[in-house]
Every structure is written in structure tokens, then in C-alpha cells.
Amino acid sequence: MSATSSVQTATAHAAPLESVSAESAPIEAVAATSSAVPRRSAVVALAAAGSALVAILTPVVSGATVFLDPVFRKQSAFRGAKEGFLPAIPVADLPSDGSPRLVTLIADRVDAWNVFVHQAIGKVYLRQIEGQVIAFNNICPHLGCKVTYRHDGNDFLCPCHGAVFGADGACTNEIAPRGMDVLETRVDENGLVWVKYQNFRRGTAEKVAV
Ligand code: FES
């Protein structure tokens, strides 16, 4: 065997130990290696962008919630109301003989971002009978005129179409479809009467709050 052929044989045995260059590697392996790094970078960049978006949006959403809250809030329409009850007058100021007293309910009305102080919210007739306080909305359940109390007859008359109601608020003729609307009342520990003021659908036999 010549010296040249010995060298060729040694080179052929040594080949598997040599590193494989990109140029000589299979196409699939090169593609996998070159796309893995950019994909990882894209995922990291996406996660960072998501975190930044959350950090920016959190105070914005919180602020918007607080800002829009009055629009969606129904329960604080009247400032100073307690569970929907408005202060009226001391129970001691009601006639002791049970005759009605017309009382205007006053409160600060909150309308979205505006506050209208000392507004007349509505009128009620209050009666004190055997330690109980009864309230009637003075809006006629027929078509919404104002009912007035008649001392002579101890009853209520609506001047618009002549509906008449007894002292207990029940109809005494057939003009109104139902009696006067009774409202919930409370008397607190200081003797102040509170009224849950509500209006109801007119012209219907059922009492439906509006
Ligand atoms: S509105 Fe009262 S009788 Fe018609």
C-alpha cells in the first residue's frame, strides 16, 4: 500500500468526528434552528405588550367606572335618603284627631353629576291614627292631577274629573281606577316621620311603581 492511500484511509475514518456545518446539515434541521429564536422573541414581546396594556387600561377602566357610576346608579337619586325614605316632619306636628296634613317632601336631588339642593320631590298627605302614620301620594291615580282634602266632608277630591276618595284613601265613586296610593312610612327614634316616596302608573287598577 502506498503512502497516499494510507492518508486517504485515515481521513475517511476521521470524518464522523468532525463538526457539521450549516451548509452541510440537512435542510429541516437548519430551518428548525433558525425559526426557534425569532418565535421565542415574539412570544416574549407579546407578553410584554400584554402586561403594558393591562397596566395602562386598569386605571383607565377604574376611572371610567367611577365617572360613569352616577349614570347607572339609581339608588342615590335623593341625597340624604335612607333606603329610599325621605324625611318629612316630626310626628308630633301631625293633627292628633287623624285629619290629614299635606306635607312637601324636600331633598337634594342627584341627577348624574349634578346636585340640585333643596328640591320639592313630591307631596303627601300624612295622617296619624292610633300611633300609626299613614301617607297618601297626592297624585290622583286617574290621570295624575293633584288631589285636595276637603275638611267639610273629611274626604279627598280630584278637581280634574271629580274622583272622590274617603279619608282612608278608598274610592267613593267610579272615576279613578283605584284608591289613593299609600306610601310606606317610618318614624325614627327622634320622632321624625320618613316616607318612601314613589309614583305609580296612572289609569290602571293595579298599583305599579314607575
Ligand atoms: S285626574 Fe283625577 S279625576 Fe281625573
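Fair warning: this is a prediction, and the values are worked out from it, not measured in the lab.

### A few points about the sheet that holds strand β7 (residues 155–157)
Pairing is antiparallel in the open sheet, where three strands are placed in the order β6-β7-β8. Taken across any chain shown, the strands that pair with only one partner, and hence form the sheet edges, are β6 (148–150) and β8 (164–166). Across the sheet, the axes of successive neighbouring strands diverge by a mean angle of 30°, strand direction being ignored. Bridge count between β7 and β8: three bridges; the pairing is antiparallel. Within β8, the residue paired with Leu 157 across the bridge is Val 164.

### A short note on the nonpolar core
A general tendency of soluble globular proteins is for nonpolar side chains to be buried together. Counting 26 residues, the largest nonpolar core has Leu 86, Ala 88, Leu 105, Val 124, Leu 126 and Val 195 as its most contacted members. Of all the secondary-structure elements, those providing two or more residues to this core are β2 (85–90), β3 (101–111), β4 (114–129), β5 (132–137) and β11 (192–196). Leaving out residues up to four positions away in the same chain, Leu 105 has contacts with Leu 86, Ala 88, Ile 121, Gly 122, Val 124, Val 195 and Tyr 197.

### A closer look at unusual backbone geometry
For Glu 83, which is not glycine, the phi dihedral falls at a positive 55°. You can see Glu 83 is positioned in the loop between β1 (78–79) and β2. Unusually for a residue other than glycine, Asn 154 sits at a positive phi of about 50°.

Cut-offs used in this document
- Counting restarts for each chain: residues are numbered from 1 in the order of the written sequence.
- With the structure being a predicted model, the display of local features is reserved for residues of pLDDT at least 70 and the display and counting of side-chain atom pairs for 80 or more, all residues being used for whole-chain, interface and lining totals.
- What makes two strands pair is DSSP finding at least two bridges between them.
- By the criteria applied, helices consist of DSSP H or I runs no shorter than four residues and strands consist of E runs no shorter than two, each listed in order from the N terminus.
- Here, axes are lines fitted to C-alpha atoms. For helices the fit covers the stretch in contact, and angles between N-to-C directions go from 0 to 180 degrees.
- As used here, a nonpolar core is made of buried Ala, Val, Leu, Ile, Met, Phe, Trp, Tyr and Cys residues. They are joined through C-beta atoms within 7 Å.
- Every C-beta atom is placed from the backbone, and the number of other C-beta atoms within 10 Å of a residue's own sets its class: buried at 20 or more, exposed at 12 or fewer, partly exposed in between.
- What counts as a contact here is a pair of residues whose C-beta atoms, placed from the backbone, lie within 7 Å.

In short, shape yes, function no, at least from these values alone.
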